Amino acid sequence: MTTILLNALSIMLVLFLALLLKKIRILHQKDGALTSKMVVYLTLPATILIGVNHTKLSNIFFILMFMGLFSNLLLVFLGKFIGRKATVEERGLYMFDLSGYNIGNFSIPFVSSFFPAAIPFLAMFDMGNSLMVTGTTQGIVELSSGRKKHGFILQEIFGVLFRNPPFVVYIFMFILAIFGLSFPDEWLIPIRPLANANTLLSIFTIGLFMEFRLPKGKLKLVLKILTWRYLLAFILASLVYFFLPSISSHNKRNSFINLLLPNVLFTYDSGYRTWK
């Protein structure tokens, strides 16, 4: 527990450092675009490659993949139900913000700093999660609202997925694991400096992009969404932990953590034009 708290403290310090440097104008929000690219194209793929190497597939990995997909679907439709009496824009925000998990930019950097053995479990959960957050959720929201902007286009969703380096690494390492293959540890030594930099760059990027501005009168809505988000996540995580007897306590803890992780945040816009 002490290790977890100290790592959480170090991540908060990095986050506040990024906010401070942005506040005193040494860095700017636009600089987050550069650090974000470094994470997506360099440090996160290296972290996944090292963390998932030597993984031996078992039933739990397929269960986690299904959970990543199913939990998103469930939360999207619960968001529609909870926001059924709200405006179309607010209902869409419920559907977006009650679902989605920020595995790559937050969960993997946080967990890898003190428990790298959990990375394969996070990776499999994120494979199911990625199928939703790359366009499926948006397609469901648009269909339910009757305001088609992008729609559900399977080709586009898979196009986004396979242009995403972390997802490509997931698939590549998953195929290797199917055949019982892995890289010798010595081969991965050159990319370890990249993997070691992932936590710093990921959290720093979050700090650079973080904004605390809200449209006038929307604080109550945001607090309601956050309350529902973590209440539903806790209920879902508890159901998995206590009523899924087929997996070990260690894997139950991983599943519990996955389902409580911060979600992908979307920008509210009263014109229903900027669900980002």
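Bear in mind the structure is a predicted one, so any value in this text is a computation, not a measurement.

Here we look at the overall build of the chain
Step number 1: Helix and strand counts for the chain come out as 12 helices and 0 strands.
Step number 2: Reading the chain from its N end, one meets helices and strands in the order α-α-α-α-α-α-α-α-α-α-α-α.
Step number 3: Burial status across the chain gives 46% buried among its 276 residues.
Step number 4: Across the chain, contacts joining residues at least 24 apart in sequence account for 80% of those joining residues at least 6 apart.
Step number 5: When the accessible surface of the chain is totalled, it reaches about 15100 Å², and 69% of it is carbon and sulfur.

Re the packing of helix α6 (residues 119–145) against helix α8 (residues 165–178)
Step number 1: Closest axis-to-axis distance for the α6/α8 pair is 10 Å, and the angle between their directions is 125 degrees. Judged on the interaxial angle alone, α8 and α6 are oblique. With respect to the hand of their crossing, α6 and α8 are arranged in left-handed fashion. Facing α6, whose interface residues are A123, M124, D126, M127 and S130, α8 presents F167, Y170, I171 and F174.
Step number 2: Of the residues assigned to the contact of α6 with α8, the class counts are 7 nonpolar, 1 polar and 1 charged.

Thoughts on the environment of S130
Step number 1: Mapped onto the fold, S130 is located in helix α6.
Step number 2: Using a relative accessible area of 8% as the deciding quantity, one classes S130 as buried.
Step number 3: The spacing of S130 and G68 is 62 residues in sequence and 8.1 Å in space, taken between C-alpha atoms.
Step number 4: Not counting chain neighbours up to four residues away, the residues in contact with S130 comprise L161 and F167.

Let's talk about helix α3 (residues 59–82)
Step number 1: Between its terminal C-alpha atoms α3 stretches 34 Å, which fits the 34 Å expected from 24 residues at 1.5 Å a residue.
Step number 2: Buried within α3 are the following residues: I60, F61, L64, M67, G68, S71, N72, L75, V76, G79 and I82.

Quick word on the nonpolar core
Step number 1: I48, L64, I103, I108 and Y170 are the most contacted members of the largest nonpolar core, which has 53 residues in total.
Step number 2: Discounting chain neighbours no more than four positions away, the residues touching I48 are N53, I108, P166, V169 and Y170.
Step number 3: If you look at the next biggest cluster of nonpolar residues, it comprises 6 residues, including V76, F96, I140 and V141.

Topic: α6
An α-helical turn contains 3.6 residues, so any two residues separated by three or four positions project in the same direction.
Step number 1: Its 27 residues give α6 an end-to-end C-alpha distance of 36 Å, which sits within 8% of 39 Å, the value for a rise of 1.5 Å per residue.
Step number 2: At G135, α6 shows its maximal kink, close to 55 degrees.
Step number 3: The buried fraction of α6 amounts to 23 of the 27 residues, a majority that puts the element mostly inside the structure.

Things to note about unusual backbone geometry
Step number 1: Positive phi, normally seen in glycine, also occurs at R25, with a value near 65 degrees.
Step number 2: For R25, a relative accessible area of 64% puts it in the exposed group.
Step number 3: The backbone phi angle of H54 is positive, close to 70 degrees, even though this residue is not glycine.
Step number 4: Within the secondary structure, H54 sits in the loop between α2 (31–52) and α3.

Focus: a nonpolar patch on the surface
Step number 1: Together, W228, L231, F234, I235, L239, F242 and F243 give the surface a local cluster of nonpolar side chains, amounting to about 750 Å² of exposed area.
Step number 2: Topologically, F243 is positioned in helix α11 (residues 219–243).
Step number 3: The exposure class of F243 is exposed, given its relative accessible area of 62%.

Comments concerning the confidence of the model for the chain
Step number 1: For the chain, the average pLDDT comes to 82, and 83% of its residues sit at 70 or higher.
Step number 2: Looking over the chain, one finds the lowest element-wise mean pLDDT in helix α12 (residues 249–260), namely 63, and the highest in helix α9 (residues 192–196), namely 94.
Step number 3: Considering only residues more than four positions removed or in separate chains, one finds that residues 264–276, a stretch of pLDDT under 50, has 38 contacts.

Rules behind the numbers
- Residues numbered from 1 in each chain as written.
- Predicted model: local features only at pLDDT ≥ 70, side-chain atom pairs only at ≥ 80, totals over all residues.
- Heavy atoms only, no water.
- Helix = DSSP H or I, 4+ residues; strand = E, 2+ residues; numbered from the N terminus.
- Buried < 20%, exposed > 50% of the residue type's maximum accessible area, 1.4 Å probe, protein only.
- Contact = heavy atoms within 4.5 Å.
- Areas by Shrake-Rupley, 256 points an atom, 1.4 Å probe, with all protein chains shown as cover.
- Axes fitted to C-alpha atoms, helices over the stretch in contact; angles between N-to-C directions.
- Parallel < 35°, antiparallel > 145°, perpendicular 65-115°, else oblique.
- Left-handed = near helix turned anticlockwise from the far one by under 90°.
- Nonpolar A, V, L, I, M, F, W, Y, C, P; charged D, E, K, R; others polar.
- Expected span 1.5 Å × (residues − 1).
- Core = buried A, V, L, I, M, F, W, Y, C linked by side-chain atoms within 4.5 Å.
- Bend = angle between axes of the 7 residues up to and from the residue.
- Patch = residues over 30% accessible without salt bridge, like charges linked within 9 Å, V, L, I, M, F, W, Y side chains within 5 Å.
- Salt bridge = Lys/Arg side-chain N within 4 Å of Asp/Glu carboxyl O.
- pLDDT = per-residue confidence, 0-100.

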